[in-house]
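The residues making up each chain are set out below.
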Amino acid sequence: MAEEQKDRAKEIARDYFREAYEYQVRGEFKRALALYERSIEIFPTAEAYTFLGWTYSFMGRYDDAIRECEKAIAVDPDFGNPYNDIGAYLIEKGQLDEAVPWLLKATSAKRYDCHCYPHFNLGRVWELKGNWEKALRCYEEALRANPEYKLAQKSIFKIRSFMN
C-alpha cells in the first residue's frame, strides 16, 4: 500500500509540475511559483526545484533561484540542470569566477541531456573576461555537443572575427 501511495503522490506532483510549467511559459510567474511549490510539497524532485528556480530567475530573483537549485542538487546530485543554472545566474549577477566551478560540474553531470549549455555558458564567462581563445574552445565544445545550437554558432563567428 505504501508504494501505491508513493506512486499516486508522484503522479499528483507531476500534474502540478506540468501545470506550473504551462503558467511559466505564459509569463504568469506567481501562479507558476505556487504550483511548483505545491508539487514539491507533495513529492520533491530535482526537476521541480530547478524549474522553481528558473521561474525565480525570470523574475530577476537570482539568489532565490540559486537556493532552489541547491535544493535540487541535494535531492539528486547527478542532475546537471541545476549546476548549469546556478552558473548562469552567477554570470547574470556578474560573479564570473564563482560561476566556473558550477558550470564545470554541469559539463560532467551523469544525468544531463544538454551538455551544450554549460559549455556555452563557460564560453560566455571567458568572453566576458576577454579570454577569446578559451571562449572559442568552449563555444566549439558546445557546438560539438549540439551541432544545431545557433547561439554557439553565432558566438564562434563573433569570437573568430575579434581574433582576426
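In this text, all values refer to a predicted model and were calculated from it rather than measured experimentally. (Residues numbered from 1 in each chain as written. Predicted model: local features only at pLDDT ≥ 70, side-chain atom pairs only at ≥ 80, totals over all residues. Heavy atoms only, no water.)

Caption draft 1: Broad picture of the packing of helix α1 (residues 2–25) against helix α2 (residues 29–42). Relative orientation of the contacting elements α1 and α2 amounts to 165 degrees, with a least axis distance of 8 Å. Viewed along their axes, α1 and α2 adopt a mutual orientation that is roughly antiparallel. The chirality of how α1 crosses α2 is left-handed. Along the contact surface, α1 presents A9, I12, A13, Y16, F17, E19, A20, Y21, Y23 and Q24, while α2 presents F29, R31, A32, L35, Y36, R38, S39 and I42. Of the residues contributing to the contact of α1 with α2, the split by class is 13 nonpolar, two polar and three charged. (Axes fitted to C-alpha atoms, helices over the stretch in contact; angles between N-to-C directions. Helix = DSSP H or I, 4+ residues; strand = E, 2+ residues; numbered from the N terminus. Parallel < 35°, antiparallel > 145°, perpendicular 65-115°, else oblique. Left-handed = near helix turned anticlockwise from the far one by under 90°. Contact = heavy atoms within 4.5 Å. Nonpolar A, V, L, I, M, F, W, Y, C, P; charged D, E, K, R; others polar.)

Caption draft 2: Examining a nonpolar patch on the surface more closely. Together, Y21, V25, W54 and F58 give the surface a local cluster of nonpolar side chains, amounting to about 380 Å² of exposed area. At the level of elements, α1 and α3 (46–58) are the ones that each hand at least two residues to the nonpolar patch. As for its placement among the helices and strands, W54 is situated in helix α3. (Patch = residues over 30% accessible without salt bridge, like charges linked within 9 Å, V, L, I, M, F, W, Y side chains within 5 Å. Areas by Shrake-Rupley, 256 points an atom, 1.4 Å probe, with all protein chains shown as cover. Salt bridge = Lys/Arg side-chain N within 4 Å of Asp/Glu carboxyl O.)

Caption draft 3: Spotlight on the packing of α1 against α3. Interhelical geometry of α1 versus α3 gives an angle of 15 degrees and a closest axis separation of 11 Å. Viewed along their axes, α1 and α3 adopt a mutual orientation that is roughly parallel. Classified by chirality, the crossing of α3 by α1 is left-handed. For the pair formed by α1 and α3, the contact residues are F17, Y21 and Q24 on the first element and E47, A48, F51, W54, T55 and F58 on the second. Residue classes in the contact of α1 with α3 are distributed as six nonpolar, two polar and one charged.

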